[in-house]
Amino acid sequence: MPTEIERKYLVDHKKWEGLIKPTGKLYKQGYILSEERRTVRIRVTNDAAYITLKGASTGISRSEYEYTIPVNEGNEILDNFATSLIQKTRYNIEYAGHTWEVDVFTGDNNGLIVAEIELQNEDEQFEKPEWIGPEVSHDSRYTNASLSVYPYKDWK
């Protein structure tokens, strides 16, 4: 079974702004199913689309199946079946042998910047860049599925 193992962190805005970054990629994603133990997501960029099924989390691991679909079908599925949406720009930053995926959210989640690192196992050691802030891996509010229905702008 394919397994995703990732840790998630907040990003220090001031240090992030000063960083020289590669070009980001705009992501639009919506959720067809979003429950505690499983999600079905559609993600669309300018040149690719994916359907992703994720299982329940155990620690920082969970099953994940992802398949490429035609972009026009991804947009149609988002328009006709998604119950909630988010938009973000993703930057892939290489650092100390790992790729950090940094998501800068827009819309109702504007102001939120989150970085994720995928690991080979839950105990894998890695070096954090200076712009990484507190870990939020175990805070479900920071999942994209949660942000799509309970956006950052509504947090108090």
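Presented here is an overview of the structure given in this document. Keep in mind that what you see is a predicted model, and the values were worked out from it rather than measured.

Things to note about the overall build of the protein
Broken down by element type, the protein carries three helices and nine strands. Counting from the amino terminus, the protein carries its helices and strands in the arrangement β-α-β-β-β-β-α-β-β-β-β-α. Its C-alpha atoms give the protein a radius of gyration of 15 Å, within 12% of the compact-globule value 15 Å for 156 residues. Taken over the C-alpha atoms alone, the protein extends approximately 40 × 35 × 35 Å along its principal axes. Looking at the 156 residues of the protein, the share that counts as buried comes to 42%. Residue pairs in contact within the protein that sit at least 24 positions apart in sequence constitute 60% of those at least 6 positions apart. For the protein, the exposed area adds up to about 9,000 Å²; of that, 46% sits on carbon and sulfur atoms. Where the 19 positive side-chain charges of the protein centre and where its 26 negative ones centre are 4 Å apart.

Observations regarding the packing of aromatic side chains
Summed over all chains, the structure comprises nine aromatic pairs. Their ring planes at 70° and their centres at 5.1 Å tell us that Y152 and W155 sit as a pair that is edge-to-face. Its relative accessible area of 31% is what places Y152 among the partly exposed residues. By relative accessible area, which is 13% here, W155 ends up buried. A connected cluster of aromatic rings, assembled from ring pairs, spans Y9, W16, Y91, W100, F126 and W131. Of note, K21 hangs over the ring of W16, and the distance from its end group to the ring centre comes to 4.8 Å.

Conventions we followed
Residues numbered from 1 in each chain as written. Predicted model: local features only at pLDDT ≥ 70, side-chain atom pairs only at ≥ 80, totals over all residues. Heavy atoms only, no water. Helix = DSSP H or I, 4+ residues; strand = E, 2+ residues; numbered from the N terminus. Rg over C-alpha atoms; globule rule 2.2 N^0.38 Å. Buried < 20%, exposed > 50% of the residue type's maximum accessible area, 1.4 Å probe, protein only. Contact = heavy atoms within 4.5 Å. Areas by Shrake-Rupley, 256 points an atom, 1.4 Å probe, with all protein chains shown as cover. Lys, Arg positive; Asp, Glu negative; His and termini not counted. Charge placed at Lys NZ, Arg CZ, Asp CG, Glu CD. Phe/Tyr/Trp six-rings, centres within 6.5 Å; stacked < 30°, edge-to-face > 60°. Lys NZ or Arg CZ within 6 Å of the ring centre and 35° of its normal.

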